[in-house]
Amino acid sequence: MTDERADHDPQGMDLARRIARAARGAAPKPAPKKRRPVQRPDDPALLGDLLKEVIEEEGWTREVSVHQLLARWPALVGQVNAEHSQPVGYADTILTVRAESTTWATSLRTIAPQLVATLNEQLGQGTVSRVVVIGPEAPSWKRGRRSVPGRGPRDTYG
């Protein structure tokens, strides 16, 4: 698998230009994949249809579907759990969720198998293989005027 992220435009300007060209009916830049015929300028297409075409063409269908479903996080995990957690990433069929405390992380880990089943039921089997629940980030003592390289003397309050 090649690294497609090397050509990634983080601001999305390339994608925006392609959508605008397609909406105007201008011929898109040649791509290695087979494309549908471009619609004529007097036959306007809906932006949603054009966006859907670009998503399919780029192979983003699974990721977009996952993110649309995760936008309804409270419906998936319940309102109380959603108030104390949020999904923070999806890569290689693994969903990462951050909880606000270790207690909430433990609670979410107990429902992780049901969450995987629900997500796969709604998105297709194999879309999510695992849910990783992480707790809050611990403060780092590695910064500041009084820090020392390496493990140091371990007396941070003296």
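Before any of the text, the structure's been laid out above.
Residues numbered from 1 in each chain as written. Predicted model: local features only at pLDDT ≥ 70, side-chain atom pairs only at ≥ 80, totals over all residues. Heavy atoms only, no water.

Caption draft 1: Molecular detail of the overall build of the chain. Helix and strand counts for the chain stand at six helices and three strands. Written out in order from the N terminus, the α and β elements of the chain read α-α-α-α-α-β-β-α-β. In the chain, which comprises 158 residues, the proportion classed as buried is 23%. When contacts within the chain are restricted to residue pairs at least 6 apart in sequence, long-range pairs at least 24 apart make up 57% of them. Summed over its atoms, the accessible surface of the chain is roughly 11900 Å², and 54% of this surface lies on carbon and sulfur atoms. (Helix = DSSP H or I, 4+ residues; strand = E, 2+ residues; numbered from the N terminus. Buried < 20%, exposed > 50% of the residue type's maximum accessible area, 1.4 Å probe, protein only. Contact = heavy atoms within 4.5 Å. Areas by Shrake-Rupley, 256 points an atom, 1.4 Å probe, with all protein chains shown as cover.)

Caption draft 2: Up close: the pattern of salt bridges. Counted under the stated rule, the structure contains one salt bridge. For Arg 98, the salt bridge identified is with Glu 137, shortest N-O distance 3.4 Å. Separated by 39 residues along the polypeptide, Arg 98 in strand β2 (residues 94-99) and Glu 137 in the segment after β3 (130-134) bring together distant segments of the chain. A relative accessible area of 65% means that Glu 137 is categorised as exposed. (Salt bridge = Lys/Arg side-chain N within 4 Å of Asp/Glu carboxyl O.)

Caption draft 3: Focus on the environment of Trp 73. Secondary-structure assignment places Trp 73 in helix α4 (residues 73-77). A relative accessible area of 5% places Trp 73 in the buried class. With 14 residues separating them in the primary sequence, Trp 73 and Pro 87 have C-alpha atoms 7.9 Å apart. The contact partners of Trp 73, leaving out residues within four places of it in the chain, are Gly 78, Ala 82, Ser 85, Gln 86, Pro 87, Leu 95, Val 97 and Leu 115.

Caption draft 4: Looking closely at the nonpolar core. Trp 73, Leu 76, Leu 95, Leu 119 and Val 131 are the most contacted members of the largest nonpolar core, which has 20 residues in total. Counting residues per element, the ones that place at least two in this core are α3 (61-70), α4, β2, α6 (102-123) and β3. In terms of residue count, α6 provides more of this core than any other element does, six residues in total. If sequence neighbours within four positions are ignored, Leu 76 has contacts with Leu 69, Leu 70, Leu 115, Thr 118, Leu 119 and Gln 122. (Core = buried A, V, L, I, M, F, W, Y, C linked by side-chain atoms within 4.5 Å.)

Caption draft 5: Layout of unusual backbone geometry. Positive phi is not limited to glycine here, since Asp 92 has a value of about 50°. As for its placement among the helices and strands, Asp 92 is situated in the loop between β1 (85-91) and β2. Backbone geometry places Thr 93, a non-glycine residue, at a positive phi of 65°. With respect to the secondary-structure elements, Thr 93 resides in the loop between β1 and β2.

Caption draft 6: Highlighting the sheet that holds β2. Pairing is mixed across the open sheet formed by three strands, whose spatial order is β1-β2-β3. Of all strands in the sheet, those with a lone pairing partner are β1 and β3, marking the two edges. For this sheet, the mean angle separating the axes of adjacent strands, direction not counted, is 25°. Two strands pair when backbone bridges link them, and β1 and β2 are joined in this way by six bridges, in the antiparallel orientation. What sits directly across from Gly 89, in β2, is Thr 96. Contacts between α6 and the sheet are confined to β1, β2 and β3, with β3 contributing the most and set at about 160° to the helix. (Pairing = 2+ DSSP bridges. Axes fitted to C-alpha atoms, helices over the stretch in contact; angles between N-to-C directions.)

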